[in-house]
Number of protein chains: 2
Amino acid sequence: MSAITAARAEKLTIGKLSQLTGVNIETIRYYEKIKVLPVPSRAENGRRVYGPMEGRILAFVRRSRELGFSLDEVRALLRLGGPEKASCREVREIAAHHLDDIRAKIADLRKLERLLTKTVAQCTGTAAPKCPVLEILDIQRSR
Amino acid sequence: MSAITAARAEKLTIGKLSQLTGVNIETIRYYEKIKVLPVPSRAENGRRVYGPMEGRILAFVRRSRELGFSLDEVRALLRLGGPEKASCREVREIAAHHLDDIRAKIADLRKLERLLTKTVAQCTGTAAPKCPVLEILDIQRSR
DNA sequence: CCTTGATCCTGTAGTCGCTACAGGATGTAG
DNA sequence: CTACATCCTGTAGCGACTACAGGATCAAGG
């Protein structure tokens with residue numbers, strides 16, 4: 001029902017495709033160069049022409065990127081989702097691995113957050129003799 | 001009490017400094033190039049010689065980086081922590097801003113985590129007709 | 001028909017925070 | 001004296017883009 005869905009049947013220029021998917025034109029060309037997107041056909045004037053399939057693939061890539069998958073992972077997902085019999089198990093493995101990464105990142109950031117929160121809370125904002133933030137960063141200049 | 005503290009009084013080669021701070025040699029030279037570290041003096045043979053001050057600055061930089069400050073922020077913190085009267089308020093602002101970033105990132109990642117967890121849980125691992133992971137990524141190829 | 005401005009093309013360089021060489025000059029130990 | 005470690009400079013690479021430069025082509029208005 002979205003704009004993306006609306007694009008199903010048409011031949012699109014790169015500009016339209018960009019508008020519909022919200023992916024930057026240069027990024028689309030970049031995806032093509034690094035083989036995340038298939039090479040599109042060209043009009044007689046040399047311009048790229050996209051069909052509905054490309055639109056769906058690009059939407060897939062975009063969504064995957066939003067979920068934090070690397071372009072390498074996206075390539076793998078595309079391969080697995082392709083015509084040669086998707087292996088749900090392999091897809092699941094990629095996603096589960098990615099989930100581990102995300103959880104580790106969250107744990108790291110939360111540790112950080114606690115430390116910084118505590119430290120900033122000690123800041124009076126006035127010119128105290130010792131700034132707690134700088135303190136925690138362990139700087140003690142000789143004067 | 002750490003190795004860093006032990007380095008207080010000595011003249012160090014870049015290699016020793018690297019060992020003491022745990023910062024890669026090339027990274028130290030890189031920090032110098034982009035003016036995060038001051039230009040060190042040189043021995044007669046042209047090699048860099050570091051004193052205790054550089055060691056402390058580098059330790060500060062490292063800790064800041066571990067806490068996720070950008071090198072730009074580190075430069076700002078170093079400036080503020082410098083001899084010209086540290087402004088605790090400004091330091092606090094940088095840290096508080098950084099804390100906001102961290103919290104936003106955590107919130108994002110947790111949303112992601114929930115979505116992916118739910119999705120992966122639906123995976124039986126067997127070759128189901130529709131893979132939930134690929135589903136959520138909204139790919140439905142025309143067979 | 002002509003001009004203007006939008007869109008497209010290729011190719012290259014910049015971003016961030018490093019890391020990894022290449023190719024050379026020294027230093028240190030056996 | 002010969003290895004080998006360490007240092008030097010400079011450049012190129014990573015990931016995932018973004019931002020040009022310098023041109024070709026298209027669509028609309030006068």
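In this text, all values refer to a predicted model and were calculated from it rather than measured experimentally. Per-chain numbering applies: the sequence of each chain, read as written, is numbered from 1 onward. As a convention, the first chain written is A and the first ligand written is 1, with the rest following in written order. Residues qualify for local features only when their pLDDT is at least 70, as the model is predicted, and side-chain atom pairs are given and counted only at 80 or more; totals for whole chains, interfaces and linings, by contrast, use all residues. Derived side-chain values reflect all non-hydrogen atoms in the structure, with water molecules and hydrogen atoms excluded from consideration.

Structural notes on the packing of aromatic side chains
Residues and elements named next belong to chain A. Spelled out, the test is: Pairing of aromatic rings covers Phe, Tyr and the six-membered ring of Trp, with a centre-to-centre limit of 6.5 Å; geometry is then stacked below 30 degrees between planes, edge-to-face above 60, and tilted otherwise. When accessible area is computed with a 1.4 Å probe and restricted to protein chains, residues below 20% of their type maximum are described as buried, those above 50% as exposed, and intermediate ones as partly exposed.
If you walk through the whole model with that rule in mind, you get 2 aromatic pairs over all chains. Ring plane angle 45 degrees and centroid distance 6.1 Å describe the contact between Tyr-30 and Tyr-31, whose orientation is recorded as tilted. With a relative accessible area of 40%, Tyr-30 lands in the partly exposed category.

Brief notes about the confidence of the model for chain A
Residue and element names in this part refer to chain A. Filter applied, for reference: Per residue, pLDDT captures the predictor's confidence, and it can take any value from 0 to 100. Helix numbers and strand numbers start at the N terminus; a helix is a DSSP run of H or I with at least 4 residues, a strand a run of E with at least 2. Residue contacts follow a heavy-atom distance rule, with two residues in contact if any of their heavy atoms lie within 4.5 Å.
Per-residue confidence for chain A gives a mean pLDDT of 81, with 76% of residues at or over 70. Across chain A, strand 2 (residues 48–49) holds the top mean pLDDT of 97, while helix 1 (residues 3–6) sits lowest at 48. Throughout residues 139–143 the model reports pLDDT below 50, and contacts reaching past four residues in sequence, or to other chains, amount to 12 contacts.

So, the protein's contact with DNA strand C
Applied cut-off: Note on definitions. A residue lies near a molecule or strand when any single heavy atom of the residue is within 4 Å of it. We call two N or O atoms a polar contact when they sit within 3.5 Å, provided that within protein one can donate a hydrogen and the other can accept it, with sequence-adjacent residues counted only if both atoms are side-chain atoms. Charged means Asp, Glu, Lys or Arg here, nonpolar means Ala, Val, Leu, Ile, Met, Phe, Trp, Tyr, Cys or Pro, and polar covers whatever is left, Gly included.
The environment of DNA strand C is formed by 20 residues, the closest being Gly15(A), Arg29(A), Arg48(A), Thr27(B) and Arg65(B). Of all DNA strand C atoms lying within 4 Å of any protein atom, the proportion belonging to sugar or phosphate reaches 75%. With respect to DNA strand C, the side chain of Arg42(A) contributes an N or O atom lying 2.9 Å from a phosphate oxygen. Only helix 2 (14–21) and helix 3 (25–33) of chain A together with helix 3 (25–33) of chain B provide two or more residues apiece to the surface near DNA strand C. A breakdown of the residues in the surface near DNA strand C according to their chemical character gives 5 nonpolar, 7 polar and 8 charged.

Quick word on helix 2 (residues 14–21) of chain B
Residue and element names in this part refer to chain B. Let me state the cut-off plainly: As used here, the arc belongs to the directions running from the helix axis to the C-beta atoms.
Within helix 2, burial applies to Ile-14, Leu-17, Ser-18 and Thr-21. The buried residues of helix 2 occupy one face: seen down the axis, they fall within an arc of 100 degrees. On the buried face of helix 2, the contacting elements are helix 3, strand 2 (48–49) and helix 4 (52–66). In the stretch just after helix 2, Gly-22 is the one whose phi turns positive, near 75 degrees.

Examining the protein's contact with DNA strand D
Around DNA strand D there are 20 residues in total, and Thr27(A), Arg65(A), Gly15(B), Arg29(B) and Arg48(B) lie nearest to it. The sugar-phosphate backbone supplies 74% of the atoms of DNA strand D found within 4 Å of the protein. The side chain of Glu26(A) places a nitrogen or oxygen atom 3.3 Å from a base nitrogen of DNA strand D. Between a base oxygen of DNA strand D and a side-chain N or O atom of Arg47(A), the distance comes to 3.3 Å. Listing elements by their share of the surface near DNA strand D, those giving two or more residues are helix 3 of chain A together with helix 2 and helix 3 of chain B. The element contributing the most residues to the surface near DNA strand D is helix 3 of chain A, with 4 residues. The residue makeup of the surface near DNA strand D, split by class, is 5 nonpolar, 7 polar and 8 charged.

A word on the environment of Arg75(B)
All names here are of chain B. Turning to its location among the elements, Arg-75 is positioned in helix 5 (residues 71–80). Taking relative accessible area as the criterion, Arg-75 reaches 29% and is therefore assigned partly exposed. C-alpha separation for the pair Arg-75 and Leu-37, spaced 38 residues apart in sequence, amounts to 8.9 Å. Once residues within four sequence positions are removed from consideration, Arg-75 is found in contact with Ile-34, Lys-35 and Val-36.

With respect to the pattern of salt bridges
All names here are of chain A. Our working rule: Salt bridge criterion: a side-chain nitrogen from Lys or Arg within 4 Å of a carboxyl oxygen from Asp or Glu.
One pass over the full model with this rule turns up 10 salt bridges over all chains. Note that Arg-75 and Asp-72 form a salt bridge whose closest N and O atoms lie 2.9 Å from each other. With Arg-75 and Asp-72 both in helix 5 (residues 71–81) and 3 residues apart, the pair spans about one turn of that helix. Since its relative accessible area comes to 55%, Asp-72 is described here as exposed.

Structural notes on the side chain of Ser18(B)
Residues and elements named next belong to chain B. For Ser-18, the position within the fold is in helix 2. A polar contact is formed between the side chain of Ser-18 and the backbone oxygen of Val-23, at a distance of 2.7 Å. Setting aside residues up to four positions removed in sequence, Ser-18 forms contacts with Val-23, Asn-24, Ile-25 and Ile-28.

Things to note about a positive patch on the surface
The cut-off we apply is this: Exposure above 30% relative accessible area and no salt bridge define the residues that can form patches, which grow by joining like charges within 9 Å and nonpolar side chains of Val, Leu, Ile, Met, Phe, Trp and Tyr within 5 Å. Here, Shrake-Rupley sampling with a 1.4 Å probe gives the accessible areas, and only protein chains in the shown set may cover a residue. We count Lys and Arg on the positive side and Asp and Glu on the negative side, and we leave His and both chain ends out. By convention, the charge on Lys lies at NZ, on Arg at CZ, on Asp at CG and on Glu at CD.
On the surface, Arg110(A), Lys111(A), Arg114(A), Arg110(B), Lys111(B) and Arg114(B) cluster together into a patch of positive charge. Every element with two or more residues in the positive patch is listed here: helix 6 (88–121) of chain A together with helix 6 (88–121) of chain B. Position of Arg110(A) among the secondary structure elements: in helix 6.

Some points on the environment of Thr21(B)
Residue and element names in this part refer to chain B. Relative to the helices and strands, Thr-21 is located in helix 2. Assessed through its relative accessible area of 3%, Thr-21 is described here as buried. Non-local contacts of Thr-21, meaning those with residues more than four positions away in its chain, are made with Gly-55, Leu-58 and Arg-62.

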